[in-house]
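Letter by letter, the chains look like this.
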Amino acid sequence: MPTKVAMNKIAVIFRSKHHGNTKFLLNELAREIPMDLYEVASFDKDDFSEYAAVGFASGIYAWQMDKSLYKLIDSELSLPQKVFVIYTSGMASQNLAKGFSKKLEKKGKELLGVFGCKGHDSFGPFKVIGGINKGRPNSRDLAAAAEFIREEVIKKL
């Protein structure tokens, strides 16, 4: 008999480097909204079928989601049909997860939505001035992310 999936049980697989912006955002979200968090670098789970949806979250590195997440979705990982994407970036004004999102859709997944917000960035030329977006993600970013999860993910499950 198949395992019954909780109606709104969600997980997020993430990669957060440098300043830990993405991890901070997800940890704060998990205080408000029940979700299981898995760091891509240290988990050994290969079956996520118990979840109604799985999110992928990352900082943006060289204009894209972390490469470890791309490798993960090319693996034999068992994912639910519904997925979503969260990212933090020094330049969150555009959909910097577009390539990753398209790859998920090519894998036949239903993309529930994409959320991006600014994060502290001190890469390259920004290092000289101590970085940009200090203090981000902040409480407004957290509120927007929580609204995204409730409205774009949970309501669609």
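Just above, that's the structure.
What counts and how
- Residues numbered from 1 in each chain as written.
- Predicted model: local features only at pLDDT ≥ 70, side-chain atom pairs only at ≥ 80, totals over all residues.
- Heavy atoms only, no water.
- Helix = DSSP H or I, 4+ residues; strand = E, 2+ residues; numbered from the N terminus.
- Contact = heavy atoms within 4.5 Å.
- Buried < 20%, exposed > 50% of the residue type's maximum accessible area, 1.4 Å probe, protein only.
- Polar contact = N/O pair within 3.5 Å; in protein donor to acceptor, adjacent residues only side chain to side chain.
- Expected span 1.5 Å × (residues − 1).
- Arc of directions from axis to C-beta.
- Salt bridge = Lys/Arg side-chain N within 4 Å of Asp/Glu carboxyl O.
- Axes fitted to C-alpha atoms, helices over the stretch in contact; angles between N-to-C directions.
- Parallel < 35°, antiparallel > 145°, perpendicular 65-115°, else oblique.
- Nonpolar A, V, L, I, M, F, W, Y, C, P; charged D, E, K, R; others polar.

Caption draft 1: Summary view of the overall build of the protein. In terms of regular secondary structure, the protein is built from 4 helices and 6 strands. Secondary structure elements of the protein, listed N to C terminal, follow the sequence β-α-β-β-β-α-β-α-β-α. Counting only contacts in the protein whose residues sit at least 6 apart along the sequence, the fraction spanning at least 24 positions is 76%.

Caption draft 2: Focus on the side chain of Thr22. Tracing the backbone through its elements, the reader meets Thr22 in helix 1 (residues 21-32). Exposure remark for Thr22: the relative accessible area of 1% places this residue in the buried category. Within the structure, Thr22 has its side chain in polar contact with the backbone nitrogen of Gly59 (distance 3.1 Å). Ignoring anything within four residues of it in the chain, the contact list for Thr22 reads Arg15, Ser16, Ala57, Ser58, Gly59 and Thr88.

Caption draft 3: Just helix 1, in detail. Between its first and last C-alpha atoms helix 1 spans 17 Å; for 12 residues at 1.5 Å apiece the expected length is 16 Å, and the two agree. Residues of helix 1 that are buried include every one of Asn21, Thr22, Leu25, Leu26 and Leu29, and no others. The buried residues of helix 1 occupy an angular sector of 120 degrees when the element is viewed end-on, so they sit on one face. The inward-facing, buried residues of helix 1 abut strand 1 (10-15), strand 2 (36-39), strand 3 (53-61), strand 5 (82-89), strand 6 (110-118) and helix 4 (139-153).

Caption draft 4: Representation of the pattern of salt bridges in the model. Counted under the stated rule, the structure contains 10 salt bridges. Between Glu28 and Arg31 there is a salt bridge whose closest N-O contact spans 3.6 Å. A residue pair is termed a helical-turn pair when its members lie 3 or 4 positions apart in one helix, as Glu28 and Arg31 do in helix 1 at 3 residues. For Lys45, the salt bridge identified is with Glu50, shortest N-O distance 2.9 Å. Given the relative accessible area of 27%, Glu50 is considered partly exposed. Via salt bridges that share partners, Lys9, Lys45 and Glu50 belong to a single interconnected network.

Caption draft 5: Region of interest: the packing of helix 2 (residues 67-74) against helix 3 (residues 98-106). Here helix 2 crosses helix 3 at 5 degrees, and the two axes come no closer than 11 Å. Taken together, the axes of helix 2 and helix 3 are roughly parallel relative to one another. Across the interface between the two elements, Leu69, Tyr70, Ile73 and Asp74 from helix 2 touch Gly99, Phe100, Lys103 and Leu104 from helix 3. Residue composition of the contact of helix 2 with helix 3, by class: 5 nonpolar, 1 polar and 2 charged.

Caption draft 6: Region of the structure containing the environment of Glu32. By the element assignment, Glu32 lies in helix 1. A residue is classified by how much of its surface remains accessible, and Glu32, at 42% relative accessible area, is partly exposed. Between the alpha carbons of Glu32 and Ala146 there is a distance of 7.7 Å; along the sequence they are 114 residues apart. Those residues within four positions of Glu32 in sequence are excluded, and the remaining contacts are Leu142, Ala146 and Arg150. Within the structure, Glu32 has its side chain in polar contact with the side chain of Arg150 (distance 3.3 Å).

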